[in-house]
Amino acid sequence: MNTDYALHEMLEVHEIAVFKTVCMTKSKTMQALVTEPELMQILQQDVQISQQQLQELGGVLSKVTR
């Protein structure tokens, strides 16, 4: 993978990671309020996918900042 990213590219990846973190936090918080099983499953899936995506974004950021 090419790790020669421009500063604006690195900042964009960071912004995506921050946004994804906020979305995941909202999904986790909403789980406490949801009683519908299907909606609960959707929120749980969203949290799992978000965690995977944040790990991937963290990997990109760690390669860039070295």
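For the structure, check the block above.
A few points on the structure. (Residues numbered from 1 in each chain as written. Predicted model: local features only at pLDDT ≥ 70, side-chain atom pairs only at ≥ 80, totals over all residues. Heavy atoms only, no water.)

## Observations concerning the overall build of the protein chain
Put simply, the rule reads: Secondary structure follows DSSP: runs of H or I at least 4 residues long count as helices, runs of E at least 2 residues long count as strands, and numbering of each begins at the N terminus. For every residue, the accessible area obtained with a 1.4 Å probe (protein chains only) is divided by the maximum for its type, and the residue is called buried under 20%, exposed over 50%, and partly exposed between those limits. Residues count as neighbours in contact if any of their non-hydrogen atoms are within 4.5 Å of one another. In this description, accessible areas are obtained by the Shrake-Rupley approach with a 1.4 Å probe, and a residue is regarded as covered only by the protein chains that are shown. We treat Lys and Arg as the positive residues and Asp and Glu as the negative residues; His and chain ends play no part in the count. Think of each charge as sitting on NZ of Lys, CZ of Arg, CG of Asp or CD of Glu.
Each helix and strand counted, the protein chain has 2 helices and 0 strands in total. Here the protein chain, with 66 residues, has 20% of them falling under the buried criterion. In the protein chain, the share of contacts with a sequence separation of at least 24, taken over all contacts with a separation of at least 6, comes to 59%. Counting only carbon and sulfur atoms, one obtains 57% of the accessible surface of the protein chain, whose full area is about 5100 Å². Distance between charge centroids for the protein chain: 7 Å, based on 5 positive and 8 negative side chains.

## Notes on the environment of Gln53
Within the fold, Gln53 resides in helix H2 (residues 37-64). For Gln53, a relative accessible area of 31% puts it in the partly exposed group. Taking C-alpha positions, Gln53 is 15 Å from Glu12, a pair spaced 41 residues apart along the chain.

## Overview of H2
Because an α-helix packs 3.6 residues into every turn, residues spaced three or four apart end up facing the same way. Stated formally: Each helix should span, by expectation, one fewer than its residue count multiplied by 1.5 Å.
Over its 28 residues, H2 runs 41 Å from end to end, which matches the ideal 40 Å to within 8%, given 1.5 Å per residue. For H2, the set of buried residues is Leu43, Val47, Ser50, Leu54, Leu57, Leu61 and Val64. Where H2 is buried, its residues touch helix H1 (7-31).

## Considering the side chain of Ser27
Mapped onto the elements, Ser27 comes out in helix H1. Taking relative accessible area as the criterion, Ser27 reaches 7% and is therefore assigned buried.

## As for the packing of H1 against H2
This is how it is decided: Lines fitted to the C-alpha atoms define the axes, with helices restricted to the stretch that makes contact. Angles between their N-to-C directions range from 0 to 180 degrees. Should an angle fall under 35 degrees it is taken as roughly parallel, and over 145 as roughly antiparallel, whereas 65 to 115 is taken as roughly perpendicular and any remaining angle as oblique. By definition, turning the near helix anticlockwise from the far helix through less than a right angle yields a left-handed crossing, and turning it clockwise yields a right-handed one. Polarity classes work like this: nonpolar for Ala, Val, Leu, Ile, Met, Phe, Trp, Tyr, Cys and Pro, charged for Asp, Glu, Lys and Arg, and polar for all others, with Gly in that last group.
Direction vectors running N to C along H1 and H2 enclose 155°, while the axes themselves pass 9 Å from each other. Taken together, the axes of H1 and H2 lie roughly antiparallel to each other. The chirality of how H1 crosses H2 is left-handed. Each residue belonging to the contact of H1 with H2 can be placed in one class, and the counts come to 15 nonpolar, 8 polar and 3 charged.

## So, the nonpolar core
Basically, it comes down to this: By nonpolar core we mean a set of buried residues, namely Ala, Val, Leu, Ile, Met, Phe, Trp, Tyr and Cys, connected to one another through side-chain atoms within 4.5 Å.
One finds Val13, Ala17, Met24, Val47, Leu54, Leu57 and Leu61 forming the largest nonpolar core, which totals 7 residues. Looking at this core, the elements with two or more residues in it are H1 and H2. By residue number, the principal contributor to this core is H2, which donates 4 residues. Ignoring sequence-local partners within four residues, the contact set of Leu54 consists of Ala17, Lys20, Thr21 and Met24.

By themselves, these figures tell us nothing about what the structure is for.
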